[in-house]
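Structure at a glance
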Amino acid sequence: QVHLVESGGGLAQAGGSLRLSCAASGRTFSSYTMGWFRQAPGKEREFVAQIRWSGGFTFYAGSVKGRFTISRDNAKNTVYLQMNSLKPEDTAVYYCAARLEPLTSYDYWGQGTQVTVSS
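As a starting point, this report considers the structure included with it. Remember, predicted model here, so these are calculated numbers, not experimental data.

Brief notes about the environment of serine 85
- Mapping serine 85 onto the fold places it in the loop between β8 (78–83) and β9 (92–100).
- For the pair serine 85 and phenylalanine 47, spaced 38 residues apart in sequence, the C-alpha to C-alpha distance is 18 Å.
- Excluding residues that lie within four positions of it along the chain, serine 85 makes contacts with Gly15, Gly16, Ser17, Arg67 and Asp90.

A word on the state of the cysteines
- The full count for this structure, using the stated rule, is one disulfide.
- Shown here is the disulfide that connects cysteine 22 with cysteine 96, its sulfur atoms set 2.0 Å apart. Linking cysteine 22 and cysteine 96, the disulfide has an S-S dihedral of approximately -75° and is accordingly described as left-handed. Note that cysteine 22 is positioned in strand β3 (residues 18–25) and cysteine 96 in strand β9, a separation of 74 residues in sequence. Accessibility assignment for this pair places cysteine 22 and cysteine 96 in one class, buried.

Details of the packing of aromatic side chains
- Taken as a whole and judged by the stated rule, the model has eight aromatic pairs.
- Taking 5.7 Å as the distance between ring centres and 75° as the angle between the ring planes, the aromatic pair formed by phenylalanine 37 and phenylalanine 47 counts as edge-to-face. With phenylalanine 37 in strand β4 (residues 32–39) and phenylalanine 47 in strand β5 (residues 46–52), the pair connects residues that are 10 residues apart, well separated along the chain.
- The class for phenylalanine 37 is buried, based on a relative accessible area of 11%.
- Using a relative accessible area of 25% as the deciding quantity, one classes phenylalanine 47 as partly exposed.
- An aromatic cluster is present here, built from Phe37, Phe47, Phe59, Tyr106 and Trp109 joined pairwise through their rings.
- A cation sits over an aromatic face here: arginine 45 above tryptophan 109, 3.8 Å from the ring centre.

Calculation rules
- Residues numbered from 1 in each chain as written.
- Predicted model: local features only at pLDDT ≥ 70, side-chain atom pairs only at ≥ 80, totals over all residues.
- Heavy atoms only, no water.
- Helix = DSSP H or I, 4+ residues; strand = E, 2+ residues; numbered from the N terminus.
- Contact = heavy atoms within 4.5 Å.
- Disulfide = S-S within 2.5 Å.
- Buried < 20%, exposed > 50% of the residue type's maximum accessible area, 1.4 Å probe, protein only.
- Phe/Tyr/Trp six-rings, centres within 6.5 Å; stacked < 30°, edge-to-face > 60°.
- Lys NZ or Arg CZ within 6 Å of the ring centre and 35° of its normal.

Following this line, the structure appears as structure tokens:
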């Protein structure tokens, strides 16, 4: 059973930074892609970034490219999302997710962590 636990959310000012963590357990994740998604109040959940555990290949949504960086620590089985130059529109609940390659749907989700950016 895959278990994902996010942490690191909180309140930041516009222009500030936060780092989210996603601790993964229950599997060997070398065949997985890990993703970050977010959902703002009244909006649909949207893709933020992803990283292939093996090889470290990354992909970002246009709205965060150049500001957010996704990475992973193999030894800690943890995925990070470093968020810089935060904007009020980045305010959302952020979710960590995992999908088994080569499948395209994310089947495993964390509980989410709130990020609030004040102007």
